[in-house]
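# A structural walkthrough
As a plain string of letters, each chain reads:
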Amino acid sequence: MHFICPLCHCGLVENTSGVSCASGHHFDRAKEGYLNLLPVQHKNSLAPGDAKAQLVARRQFLNAGFFSGLLPDLQTLVPASTQRLLDIGCGEGYFTHALAGLLPKDASVYGIDIARDGVRMAAKAYGESYAVASAYALPLATASMDVITRIYAPSDASELKRVLAPGGRVIVVTPAEEHLLGLRQRIYKVVRPHPEPGLLEGFTSVEQQRASFPLNIPAGELSAALLKMTPFAWKMDESLQQQLIATGIQDSADFYITVYVGESAQ
Ligand SMILES: C[S@@+](CC[C@H](N)C(=O)[O-])C[C@H]1O[C@@H](n2cnc3c(N)ncnc32)[C@H](O)[C@@H]1O
Ligand SMILES: [Zn+2]
C-alpha cells in the first residue's frame, strides 16, 4: 500500500476496520472498499468536487463509450510495464479502471478524488484502490508512482513532483480547441478557445498527442447526460436544453494528451 496518513504523512498499514499510521491516526474503510483520506481541514465545502447527479450522468455517458476514443492514445503513452499508477480526479472511475486494464495484473492502481460520491461509485464498481483525497495534498508516499494521470482534473505541480518516482511520467488530458465546440457556440457569443495545456512547474513536456473524434449522441437520456455532466451547458436556457435532448447532439470530442517528465529526468 502506497497511501500515507494525510495528517502526519507516515505510512499507513491495513488493519481489520481500515488503515492506521504509527502516530495512531486511523481511517475507516467504507463498505464499498474506499478510504476517506480527506481531513476536514482540507475540505473547502461540505461536499467538495463534482455533485452526485453530475457523476451519475458522467458514468452513463462514459459507459456508453463516447470518450473511449481516448483509450488507444492513453495505451501508447502509459508504459505497459507500469507497476504503480495514480489517477488524480478519478471521478466515478471509468478511466482509472480502463488504465488498470492496460497494466500487469499485479500492478497497484490508485484513484483519488475530492468528491466522495465519485469515489464511492468507483470503489463499488471497480477493484482499484480508491480514496477521497485532495489533489493538492496527495496521500501517497514520496517517489512512489511510476505514472500519474490527470484527466480533466486539477493538480498541484509540487505534489506531482513529490509523488512521482524517478524516471516516472505525468500524463495530462485537457480539452483542445474543438472540444464540444458546437455546444459552446450555442451558449457563448464569442467562444474562447480552450487554453493550450500549460506549463507544469518543474516538468518538461516530452510528447503530446491530440485525440479528436466525432460525438453522435442519440436523442434522449444520453444527450441529457452530456448536458448534465458539462457545467457550461447549465448556462443554456431550459428550452434549448430540451430541444437538444429531443434532437440529439452532433459535436466533436477533442483532447490534448501531454506527457511530462521531471526536469531533472531529462
Ligand atoms: C471533469 S471530472 C473528470 C473525472 C474523471 N477524470 C473522468 O474523466 O471521468 C473532474 C474531477 O476532478 C475532481 N476534483 C475537483 N477538484 C479536485 C481536487 N482539489 N482534488 C481532487 N479531485 C478534484 C472532481 O470531483 C471531478 O470528479
Ligand atoms: Zn498519521
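Described in the following lines is the structure provided in the data block. Fair warning: this is a prediction, and the values are worked out from it, not measured in the lab. (Residues numbered from 1 in each chain as written. Chains lettered and ligands numbered in written order. Predicted model: local features only at pLDDT ≥ 70, side-chain atom pairs only at ≥ 80, totals over all residues. Heavy atoms only, no water.)

So, about the site of ligand 1. In the vicinity of ligand 1 there are 19 residues, among which Arg58, Gly89, Asp113, Ala135 and Ile151 approach most closely. The contact in question runs from an oxygen atom of ligand 1 to an N or O atom on the side chain of Asp113, over 2.7 Å. Between Ile151 and ligand 1, the recorded distance is 2.9 Å, taken from a backbone N or O atom to a nitrogen atom. Coverage of ligand 1 by the protein amounts to 89% of the 600 Å² it exposes when considered alone. For the shell around ligand 1, the class distribution of residues is 12 nonpolar, 4 polar and 3 charged. (Near = heavy atom within 4 Å. Polar contact = N/O pair within 3.5 Å; in protein donor to acceptor, adjacent residues only side chain to side chain. Areas by Shrake-Rupley, 256 points an atom, 1.4 Å probe, with all protein chains shown as cover. Nonpolar A, V, L, I, M, F, W, Y, C, P; charged D, E, K, R; others polar.)

Positioned with a positive phi, His9 is a non-glycine residue whose angle comes to about 70°. The topology assignment puts His9 in the segment before strand E1 (13–14). Since its relative accessible area comes to 55%, His9 is described here as exposed. Positive phi values are uncommon outside glycine, yet Ala143 reaches one of about 55°. On the basis of relative accessible area, Ala143 is assigned to the partly exposed category, the value being 32%. (Helix = DSSP H or I, 4+ residues; strand = E, 2+ residues; numbered from the N terminus. Buried < 20%, exposed > 50% of the residue type's maximum accessible area, 1.4 Å probe, protein only.)

Scanning the model with the defined rule gives 7 aromatic pairs in all. Ring geometry for Tyr152 against Phe255: centres 6.2 Å apart, planes inclined by 80°, an arrangement best described as edge-to-face. You can see Tyr152 sitting in the loop between strand E8 (145–151) and helix H5 (157–163) and its partner Phe255 sitting in strand E11 (residues 249–262), a full 103 residues away along the chain. Residue classification places Tyr152 among the partly exposed positions, given a relative accessible area of 38%. (Phe/Tyr/Trp six-rings, centres within 6.5 Å; stacked < 30°, edge-to-face > 60°.)

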